[in-house]
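Notes for the structure review
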Amino acid sequence: MTATETASSKLVGSSVRRIEDHRLLAGHGQYLDDISVPRMLEAAVLRSPFAHADITSIDASDALALPGVFDVITGRDIMAVANPQPIIWHPIPDQRKPQFHALAVDRVRWAGQAVAAVVAVNRYVAEDALALIDVEYEPLPVVASLDSALAEDASRIYEDWPDNISGSLTYDFGDTATAFAEADLVVSETFEHGRALGCPLETRGCIATWDTFAGTLDVWISTQSPNLARDLLSEVFDLPVHLIRVRTPDLGGGFGNKFDFYSEEVMASLLSRRTGRPVKLVEDRRDSFVATVHSREMRLEYEMAFKKDGTITGLRGTTYGVMGGALGTVGSGPSWASVLTCMGPYKIPNLNVTVKPVMTNRSPFGSFRAWGVQNGNIVHERLVELGARRLGLDPHEIRRKNFPAPEEFPHFTGVAFAYDSGRYADALDKTLAKVEELGWHQVKADARAAGRSVGIGCTFHVEPSAYGPSRILNLVGLQHSGFDEEVVRIDPMGKVTVFSGQINMGQGTHTIYAQLAADGLGVPIEDVKVVTGDTDSCPYTGYGTGGSRAAPLGGGAIIRATARLKQKVLRIAAQLMEASPEDLEIRSGIISVKGSPDQNVSMHDVGDAAYRRLNGRLPEDEVPTLEETDVYDPENMATSFGCSALLAEVDSETGVVTLLDFVVTDDCGTVINPMLVDGQLAGGFAQAFGGALYEELVYNEDGQLQTASFMDYLIPTASEIPPIRVVHQETPSPHIPGGIKGVGESGTIAGVSLVGSAIDDALSDIGVKVTRFPMTPERLLEEIRRAENEEVSA
Amino acid sequence: MSDRHTVSMTINGHRYEGVCEARLTLADFIRHHCGLTGTHLGCEHGVCGACTILLDGTSVRSCLMVAVQADGATITTVEGLAEGNGKLSPLQEAFRDNHGLQCGFCTSGILITTTELLEENPDPSEAEIRERLSGNLCRCTGYQFIVDSVLDAAARLRG
Amino acid sequence: MKPPAVKYQRAGGREEAIALLGEHGDDAKLLAGGQSLLPLMSFRLAQPGVLIDLNPAADLDHMGEDNGHVVIGAMTRQRTVETSRSIADNLPLLSEALRYVGHVTLRNRGTIGGSIAHADPAAEIPVVLLALDGELVVEGSSGTRVVSSQDFFIGPFTTVLEPTEILTKVRIPRSAAGTGAAILELARRNGDFAIVTAVAVIHLDQSGKCDMVRIALGGVESVPARLQDAESVLLHAELSDDAIQGAAEAASAAVDPVSDIHGSGSYRRDMTRVFVRRALTQAVDRAKGGAT
C-alpha cells in the first residue's frame, strides 16, 4: 500500500524547498511582537522575589499614579472573575493536584510567580510602574529541591497534605519479584536530569482584545495549540468558545514550551476587559526563565535484571518528577511518560515501575520536546550499557538479543503502549556500519595512543508519535483528545488551500502539507497554500502541535481528504470531457484521458464548473464547490525509532567534553521530506546535547533561580554542536495513511544518554559511569576522581 | 522628566526621523518607530544575536545601543539584504536551499552576521564559520545546515 | 527588559567628557561600547541618571607607539585592535587574547578602555594588561595620573577611578625580543566569560634560565591577579616540566578563588593549576622558539 503510493508520487520523499522560507528570509515573517493592534497598550508582570511567602499587602497606588499607566491588577482581581489555570493531563488516579490563579492569591509558591500586572502606554512605562508597586511578604520555609521535599522533616508546601508527594502510580506487568530473584545480574542505578526549558528564541506573548460591547475575546497568542488555548480561556472565564477567537502568527520556535496554557493570556484578557483597550503582554527573556514551564528534572531510581547471556528479564524502579509549586497545564504528564517508555525498544517480560510527582518551590513543570521520554531513554540505555560492562558483553549484543523482531509487531511493551512496527536491528547495524565507514575506531585508537581520551557512544531510541487514539488518551487521563481535522479546498481557479488546526513553528508543516496535498491531487506544489493559526477559520485539532502529531495525523487526514476530493475532480472532469472517471488521470493540474494526454481539461476548468459556470458542466448529482473535510483519529500511535553514535573527547584534567561528530540512523516511517527530517534530527539532538552538557536551571537553597539570563543558562552555540550525519531507513506505519510517523522528538530523546555513553567510553580505562545530566566539567572531574579512587582502593 | 531627542538615520537606503526618549533602544526604534520588524529581540541583553544589524557597515547588537547613538548612521537590516521584487540575495537563497532556517526568528541576525563574515572572508572554512556563528544562538537547527548554507553562499558569491 | 529613564549627553572629546563628569558626578555613567552597561540597564541593575556617550570622542580612539610603549586610546574598538597589523607584530598576546572576548559583533562595538574600566573579574583584557605590565592613563578635572595595572583593579567591578575621572588610554611596554607569551582559557562555551584565564609571559636568558616571568589570572579571584608566588618559583630557574608544575602548584595554593554556578572555588583552584601549567608550557615553547 504505502510503498506503491510513495513510489508513484513525485513530491513526497523528496527534499522540496520550504514554501515558508521566502518571507522569513526577507525579514517579512510576522511574529507576535511584530503585531500592533490599533489603540493597543502594553503590559508587564511583577513577580515574586520569594520562593515561598504569604502576601500580606499590595499597594499599587504609586504605580497607578504614574503618567501613562492605565491599570494594575492582582490575584484578587483575577480570582473575582477567573477560574484557576486548568490542568488537562490526569494520568494518576487520586492525585493531589494543586492549581493556581494567573496571579498569586495571598501566597506565592515559587520565585517568579506572578503577583501583579501593569498595563501602560508602552512596555518601558509598564516596567517603570512595576518598581512602584509595594508588596509586603511574610516569607515561609522553602522546599528548594527534591531532597528537601522528601526529607522526613520537610516543611509542607500544602499544609493539609501529609507530605509533598502529589501522587503515585505503579504499573505492574509479569512477575518482577521472581525475575529479580532469579537474575544472574541486577544493575541498580540512580540517574538525575536537571531542570531545563525549551528556550525558543522568540519568547511567549499575547495580544488580547476583549470587546465588552460585542462580548467577544479576540486573542493573538504565540501558541502551539490555538484550539486548546481557546477552550481553556473559555473554562477560565466561563465564556462560550464561539465568542473567543485565538489567532497564532509565525512562531519563533515552540519546542513544547508554547503548547501549555499560560497565566499571561488570562492577565492580558482581563486587563483588556478592564481598560477597553487591546493589551499586548510579551514575556521578556528574564521573565521567561521563571514564567515559561520548566521540564526534564527527574530522579530515576531503577534496576534491571539480566541473565548471563544478556537477556533482560526485568526492570523496576521509580521516577520522581520534580514538580513546581503547583501543577501546570500538563500536570505530571512528562514524568509519567518517562515511566511509560523506560523499557524502550526491549522486550522486558517483567516490569514494576512507578511515577511519583513531588512538589517543590520551583516554577511549574510542563511540556518540552521529548516530554519525559528522554528520561525513559536514560533508564534503558544507561542500564543496558552498565549491564553489558558487568557481564563482559558487547552492549550491541544485549540490544539485539532483546529487540522485538520485525514480525513480532505490534509489540506490547507491558505499560500502555503497543509499538506499531520496527526493524530495530537493521537500524543498529546501519549505524555501526556508518561508524566503521567513518573510521572512528581508528580515530579513537590514534587518540588513545597520543594520550587523549576519545570515545564512541551509542544509543537506541523509540519515539512514540501520532498521539493518539482519542478514546485511549481519554482513558489514560487526558481531558482533551487526539484526532485531527483538516479541510482541503479547491477554489474556482483550480488552486488548492489546506486549512489545518496544526501550527507551523519552524518544523515545515506548511511545506509537508503542501507536498501531501499536491501529490494527492496531482497538482504542482506552487498551486497549494496552507492556512493555519485561526480558530475562527481553521479546523479543530484534538490536541495541538505536540507529541509529533502534525505529520502523521494532519498528514493522514490530508491524504484521506485529497483522495476523496480527487474523485470529485475526476467526476466533474469526466462530465466536461464526456469520458469515464476511471479512464482519467491528473498530472501537474491537468486532467487527461490515460494514454491520450491531448484529451484534457485543467483544474481551472473543473473549479469553474464547480463554482461558477455550473450549468451543463457540473454533474446533476454533484453539489457545487470542491471541498473535503477529514477527521482522522488513529487506531494506534506510531513509534519511530533509531540508533545514534557519537564521537567525543574528554579532557580528563578539566572534565571538559568536546563533541566531535555524530551519526543517526532514523526510521520515522515514510519520509515526506528528507531535508526537513534531517533538520528535525539536527535541532533535536542539539537540544539534547545542551541538556546533557550545558543547560541547567540552577536553584539555590532559598529557592532562587541562579540562571535567569543567557549568560548563565547555557544554550550551546555552533562551536559546541558537532556535525550530523543522517542515515534514513523507512519502515512505514502499518495503520497511518501514507505510513507516516512523527520525527520531531527523536533527536531530543536520544541525545542525552548518547553523551553519557560516549563519555563512559572515552574514560573506560578508569571506569567512569555517567549518571547525572548536565554533566558539567566540574561534575565530570569529580566523577573521574571517584572512579580513580575506586580503582586504587580496588 | 524624560529626555527626548530627535534622531535621523538611513536604514536600507531610506531616511527615517523620529523623536525618542534617550533610553529607547536602537532595536525598538528600528522595530516600532520604523516598522522594520524583521530585526528581532531574543534576549535584550546582548547574547542571542537575533537583533544584529549592520551599523555603518559593521555588525552590532541593536539591543545594546540606544537609538540616539545612531543619529546620522547608515544601517542595514535584514529587510535590506534581498535584491527586492521578491528576489532573495545569494546568501538568502543558499539558506533556503540548505534548510538553514526553521522558525526564522534568529535568521535575521544570522544573515547579517554571515553577510559581514563573507565580506571579510570570501572563502571561510567550516571552523571559521562556526566560530563566527557562535555569537548567534539558534534553537531550531543544530547549526549544521546554517554552516552548510554559508559554505554554499560563499561558493556562489565567489562564482 | 527595557532600560530605565535616563538623560543622554554626547562628549565630543576627552575634555568635554571630563567636564560633563564634573557636572553630573556620581549620577553619571560613561557610555563606551555599552556591551556591558546596556545589559545592566536592561536588567535595571544599573540606573544612572545621565549617560555620557564617549563614542563621539575621536581623541580617545587611536593606536600608536610612544617611547617603547604601545599606546591605545580608551575608545578604540576591541575588533580594531584585534585586527591591527601593528598590534599583531608588537603585542601578539593582545591580539590572541581579544579573540576570547565575547564574539566579533560584541568586539565591533566594545572598547579596550570600557572593558578595563568595567573591571569584570572574568574579563580577558585586564588580565592581559597585568601580564604585560601595562599602565593606565587617567584624567580628571584635577589633572592626569598614570596608574600601574597592578594597582588599578581593587575589587569586582571596582577600580581606582574617581567619579570625576576617565580612563583615557593604556600604555603597554613592547615585549623584549625572545619573549614567549600565551593565554589559555576555560569557559563553558565559546565566547563566555572565563572560569579561568591564565596568561604567562616569559623571557629566557642566554643560558636558558628564566630572567623574566609574569603570570596573571582572570576569572578565579574577585580581581584579575598577578601570581607572584608562582613567578618566584620560576625566576632564575631552568624551566623544566617539574619547575613549571611547581609553579602551577604554587599558583593553585596561592589563589583565593570565587565560587559560582559555573565552577566552585575548589574547581577554580584545580583549574588554576592546570591552566597555569598549560600556559607556562606554551609560553616557554614560544620563548624557546623565539616567537612571541
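Per chain, residue numbering runs from 1 following the sequence as it is written. For this description, chains carry letters from A and ligands carry numbers from 1, given in the order in which they are written. In keeping with the predicted nature of the model, local features appear solely for residues at pLDDT of at least 70, side-chain atom pairs appear and are counted solely at 80 or more, and the whole-chain, interface and lining totals rest on all residues.

Now for the overall build of chain A. Helices and strands together make up the secondary structure of chain A, namely 22 helices and 29 strands. When we talk radius of gyration, it's over C-alpha atoms, and the globule rule is simply 2.2 Å times the number of residues to the 0.38. Whereas a compact globule of 794 residues would reach a radius of gyration of roughly 28 Å, chain A reaches 27 Å, a difference of no more than 12%. For the C-alpha atoms alone, the extent of chain A along its principal axes is close to 95 × 70 × 50 Å. Exposed residues have 12 or fewer other C-beta atoms within 10 Å of their own C-beta, buried residues have 20 or more, and residues in between are partly exposed; the C-beta atoms are placed from the backbone. A burial count over chain A gives 61% of its 794 residues as buried. Each helix is a run of H or I in the DSSP string that is no shorter than four residues. Each strand is a run of E no shorter than two, and both are numbered from the N terminus.

What follows covers the overall build of chain C. When its secondary structure is counted, chain C shows twelve helices and 14 strands. Taken over C-alpha atoms, the radius of gyration comes to 19 Å for chain C, in line with the 19 Å a tight globule of 292 residues would show. Overall, chain C is about 60 × 45 × 35 Å in size when its C-alpha atoms are taken along their principal axes. Here chain C, with 292 residues, has 56% of them falling under the buried criterion. Note on contacts: each residue gets a C-beta atom placed from the backbone, and two residues are in contact if those atoms are within 7 Å. Of all intrachain contacts in chain C linking residues separated by at least 6 positions in sequence, the fraction that spans at least 24 positions is 64%.

Residues and elements named next belong to chain A. Within the secondary structure, Glu 192 sits in strand S8 (residues 185–193). A sequence separation of 580 residues divides Glu 192 from Arg 772, and the C-alpha atoms of the two residues are 4.7 Å apart. Beyond its immediate chain neighbours, meaning those up to four positions away, Glu 192 contacts Arg 299, Thr 771 and Arg 772.

Residues and elements named next belong to chain B. One requirement defines pairing of two strands: DSSP has to find at least two bridges between them. Taken together, the five strands give an open sheet; going across it, the order is S2-S1-S5-S3-S4, and neighbouring strands pair in mixed fashion. Two strands in the sheet have a free side with no partner beyond their single neighbour: strand S2 (14–21) and strand S4 (58–61). Between one strand axis and the next, the sheet turns through 40° on average, direction left out of account. Where strand S1 (residues 4–11) meets strand S5 (residues 74–76), two bridges bridge the pair, whose relative direction is parallel. Across the sheet, the residue bridging to Ile 11 is Ile 75, located in S5. In this analysis an axis means a line fitted to C-alpha atoms, helices contributing only their contacting stretch, and an angle means the value between N-to-C directions, from 0 to 180 degrees.

By the bridge criterion, two bridges tie strand S2 (residues 53–59) of chain A to strand S4 (residues 107–108) of chain A in an arrangement that is antiparallel. Each residue of the ladder has a partner; that of Asp54(A), found in S4(A), is Arg107(A).

This next bit is on the interface of chain C and chain B. With 24 residues of chain C at the interface, the matching set in chain B holds 25 residues. If you list the elements that add at least two residues to the side of chain C that touches chain B, you get strand S1 (7–10), helix H2 (37–42), strand S3 (50–53) and helix H6 (104–109) of chain C. Among the elements that take part in the side of chain C that touches chain B, H6(C) stands out by supplying five residues, more than any other.

So, about helix H1 (residues 14–24) of chain C. Residue and element names in this part refer to chain C. Among all positions in H1, only Arg 14, Ala 17, Ile 18, Leu 20 and Leu 21 are buried. When H1 is viewed along its axis, its buried side chains cluster within an angular range of 165° and face the same direction. Summarising the contacts, the buried residues of H1 are in contact with S1, strand S2 (28–31), S3, strand S6 (135–140) and strand S10 (165–173). Phi turns positive, to about 55°, at Gly 25, one or two residues after H1. It is the directions from the helix axis to the C-beta atoms that the arc portrays.

Attention shifts here to the sheet that holds S4(A). A sheet is described by the order of its strands in space; here three strands give the open sequence S4-S2-S6 (chain A), paired in antiparallel fashion. Taken across any chain shown, the strands that pair with only one partner, and hence form the sheet edges, are S4 and strand S6 (134–139) of chain A.

The partner chain A presents 42 residues to the 42 residues of chain B that form the contact. Elements with a minimum of two residues in the side of chain B that touches chain A: helix H2 (90–97), helix H3 (107–120), helix H4 (126–133) and helix H5 (144–158) of chain B. Sorting elements by how many residues they give to the side of chain B that touches chain A places H2(B) first, with four residues. Here the side of chain B that touches chain A is built from residues that sort into 18 nonpolar, 16 polar and eight charged. Three classes are used: nonpolar for Ala, Val, Leu, Ile, Met, Phe, Trp, Tyr, Cys and Pro, charged for Asp, Glu, Lys and Arg, and polar for all others, with Gly counted as polar.

Two faces belong to every sheet, and in a regular strand the side chains alternate between them. Residues and elements named next belong to chain B. Residues Thr 52 and Leu 54 of strand S3 (residues 52–55) are buried on one face, and the alternating residues Ile 53 and Leu 55, pointing to the opposite face, are buried as well. As paired elements, S3 and S4 share four bridges and run antiparallel to each other. The partner of Thr 52 across the bridge, within S4, is Arg 61. Where S3 folds back onto S4 in an antiparallel hairpin, the turn is made up of two residues, including Asp 56, whose phi is positive at roughly 50°.

The subject of this paragraph is the environment of Ile183(C). All names here are of chain C. Positionally, Ile 183 belongs in strand S11 (residues 180–186). Given 27 C-beta atoms within a 10 Å radius, Ile 183 is considered buried. Sequence spacing of Ile 183 and Gln 282 is 99 residues, and the spatial spacing of their C-alpha atoms is 8.6 Å. Those residues in contact with Ile 183 that lie beyond four places of it in its chain are Leu 93, Glu 96, Ala 97, Val 128, Thr 197, Val 199 and Ala 279.

Here we come to the confidence of the model for chain C. Regions with low pLDDT should not have their predicted coordinates read in detail. The predictor attaches a confidence to each residue, and that confidence, scored 0 to 100, is pLDDT. For chain C, the average pLDDT comes to 96, and 99% of its residues sit at 70 or higher. Here the predicted complex scores 0.97 on pTM and 0.98 on ipTM.

On to the packing of helix H17 (residues 509–521) of chain A against helix H18 (residues 550–577) of chain A, then. Residue and element names in this part refer to chain A. Running from N to C, H17 and H18 cross one another at 25°; their axes reach a closest spacing of 9 Å. Here H17 lies roughly parallel to H18, going by the angle between them. As for the relative orientation of H17 and H18, their crossing is right-handed in sense. In this structure, H17 uses Thr 509, Ile 512, Tyr 513, Leu 516, Ala 517, Gly 520 and Leu 521 to contact H18, whose residues at the interface are Ala 550, Ala 551, Gly 554, Gly 555, Ile 558, Ile 559, Thr 562, Ala 563, Leu 565 and Lys 566. For the contact of H17 with H18, the per-class residue count stands at eleven nonpolar, five polar and one charged. Roughly parallel refers to an angle under 35 degrees, roughly antiparallel to one over 145, roughly perpendicular to one between 65 and 115, and oblique to any angle outside these ranges. Here a crossing is taken to be left-handed if its near helix is turned anticlockwise relative to the far helix by less than a right angle, and right-handed if that turn runs clockwise.

What follows concerns the nonpolar core. Residue and element names in this part refer to chain A. A set of buried residues qualifies as a nonpolar core if it consists of Ala, Val, Leu, Ile, Met, Phe, Trp, Tyr and Cys joined through C-beta atoms within 7 Å. Ranked by internal contacts, the top residues of the largest apolar core, which has 404 residues, are Ala 43, Val 118, Met 267 and Ile 759. Broken down by element, the residue count for this core peaks at 13 residues, all from H18. The residues contacting Ala 43, other than those within four sequence positions of it, are Ala 117, Val 118, Val 119, Ala 126, Met 267, Ala 268, Leu 271, Val 279, Lys 280 and Leu 281.

The next subject is helix H12 (residues 373–391) of chain A. Helical periodicity: at 3.6 residues per turn, an α-helix aligns residues three or four positions apart in one direction. Residue and element names in this part refer to chain A. Multiply 1.5 Å by the residue count of a helix minus one, and that product is the helix's expected span. Between its first and last C-alpha, H12 extends 27 Å over 19 residues, near the 27 Å set by a 1.5 Å rise per residue. The element H12 is largely enclosed, with a buried count of 14 among its 19 residues. Downstream of H12 by one or two residues, Gly 392 has phi in the positive range, about 70°.

To continue, consider unusual backbone geometry. Cis rather than trans, the peptide bond between Phe409(A) and Pro410(A) has omega equal to -5°. Mapped onto the elements, Pro410(A) comes out in the loop between helix H13 (395–402) and strand S16 (411–412).

This part takes up the confidence of the model for chain A. Counting all residues, the mean pLDDT for chain A is 97, and 99% of those residues have values of 70 or more. Low pLDDT, under 50, characterises residues 1–8 of chain A; the stretch is placed with eight contacts to residues that sit more than four places away or in other chains.

Residue and element names in this part refer to chain A. For Ile 590, the location among the structural elements is in strand S23 (residues 590–593). In this structure Ile 590 comes out as partly exposed when scored by C-beta crowding, with 17 C-beta atoms within 10 Å. Taking the C-alpha atoms as reference, Ile 590 lies 56 Å from Val 443; in sequence the two are 147 residues apart. Residues within four places of Ile 590 in sequence aside, it is in contact with Asn 600 and Ser 602.

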